[in-house]
Amino acid sequence: MSVKQRRYNILEDFDKVSNFLIDNYSIKKLNGCLLQPFWEYAHTNPFFNHKMTHRFGIWEDDYKVVAIVCYETDLGECFLFASERYEYLYEDMLKYAEEELSIQSQNKRKLRIWITDKQKVLFNMLVLGNYSKVDKRPITIYKYDKGFKEYILPEGYSVLSLEDEKDIKKMQHCLWKGMELSNKPEDCNMFNHSRLHFRKDLSTIIKAPNGEYACFAGMWLDSKNHYGYLKPLATSPEYRRLGLASVALMEAMKKTTYFGATYCFGGSNEFFSSMGFEVLGYREGWEKTW
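The model shown is predicted, which means the values in this text are computed figures rather than measured ones. (Residues numbered from 1 in each chain as written. Predicted model: local features only at pLDDT ≥ 70, side-chain atom pairs only at ≥ 80, totals over all residues. Heavy atoms only, no water.)

Help me out: how do you make sense of the environment of N31 in this one?
By the element assignment, N31 lies in the loop between α1 (10–23) and α2 (36–43). For N31, a relative accessible area of 1% translates into the label buried. For N31 and A82, which are 51 residues apart along the polypeptide, the C-alpha to C-alpha distance reads 8.0 Å. If sequence neighbours within four positions are ignored, N31 has contacts with L21, N24, Y25, S26 and F81. (Helix = DSSP H or I, 4+ residues; strand = E, 2+ residues; numbered from the N terminus. Buried < 20%, exposed > 50% of the residue type's maximum accessible area, 1.4 Å probe, protein only. Contact = heavy atoms within 4.5 Å.)

What follows is the structure, encoded as structure tokens:
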């Protein structure tokens, strides 16, 4: 095999990595949590450090991507994923991550690596490499064959899609307040129109009687692998405890069924378990200081 490693070029390689993640998706291994919607969402997150993406590593065989090392938003953390035939690359990938994606503080280096409990090869490597598990979060999915619960909106509220209304300022304000972000509302550009795979028609807005956007559920779709991906789900504080998030989530998931999705990825808090999401596995954070 003629595998070669090189640095990531954000302008040329984004689509290549997207296709790699879609083509090699497995519900058993979950791409080490590096799903294509996760990858694309990170790139358009206002906190994403675009200036350091040249530190990402790509491994190619005959110019075809077979492995990727990257962070979600910034240096100091990373994800590693190689297609099944190329898992022997993980040793080199881990070394690369330590050299390129770690951060330095007080003459020491630090790195957190995210894996799933399905990645046994990486698990063993991290244990031998003196990493310690510092975080563990459930990975949840909602299986559509169980049906969808019906929730009633309070009087005066309405359900819309992002295609029905496109008031970007209202959207920014809803996300800014709902996600309790520290930046300014106008900097909350998570849903700018540059996203290639984001589906405005699948996303759901709950509009309050006064015209404000009270809740938003962003929905992505991997049509090849038949799953939906919720990101983000945000309700402005003054509209919480009204059941709006439950309505938005169910409506967004229903829409994906028309395009062949059979389940949806959710979050890790108690809200999702109360909605009927099941634990599929666990995302683990492993950390090392040297």
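Moving on, there is more to tell.
Teacher, can you tell me more about the packing of helix α3 (residues 90–100) against helix α4 (residues 120–128) here?
In a packed pair of helices, the relevant descriptors are the angle between the two axes and the axis-to-axis distance. Direction vectors running N to C along α3 and α4 enclose 50 degrees, while the axes themselves pass 11 Å from each other. Accordingly, the angle class assigned to the pair α3 and α4 is oblique. Here α3 and α4 pass one another in a crossing that is right-handed. In contact with Y90, E91 and L94 of α3, α4 contributes V121, L122, M125 and L126. Tallied by class, the residues present in the contact of α3 with α4 amount to 6 nonpolar, no polar and 1 charged. (Axes fitted to C-alpha atoms, helices over the stretch in contact; angles between N-to-C directions. Parallel < 35°, antiparallel > 145°, perpendicular 65-115°, else oblique. Left-handed = near helix turned anticlockwise from the far one by under 90°. Nonpolar A, V, L, I, M, F, W, Y, C, P; charged D, E, K, R; others polar.)

Help me understand the packing of aromatic side chains, please; the structure alone is not making it clear to me.
Each aromatic ring pair is described using two quantities: the centre-to-centre distance and the angle formed by the ring planes. The final tally for this structure, using the stated rule, is 24 aromatic pairs. Relative to W39, the ring of Y8 has its centre 5.5 Å away and its plane inclined at 80 degrees; by these criteria the two rings are edge-to-face. Placement of Y8 in the loop between β1 (3–7) and α1 and of W39 in helix α2 is noted, with a sequence separation of 31 residues between them. Taking the relative accessible area as the measure of exposure, Y8 reaches 4% and is therefore buried. A relative accessible area of 2% means that W39 is categorised as buried. By way of ring pairs, the aromatic residues Y8, F14, W39, F48, F56 and Y71 are connected into one cluster. (Phe/Tyr/Trp six-rings, centres within 6.5 Å; stacked < 30°, edge-to-face > 60°.)

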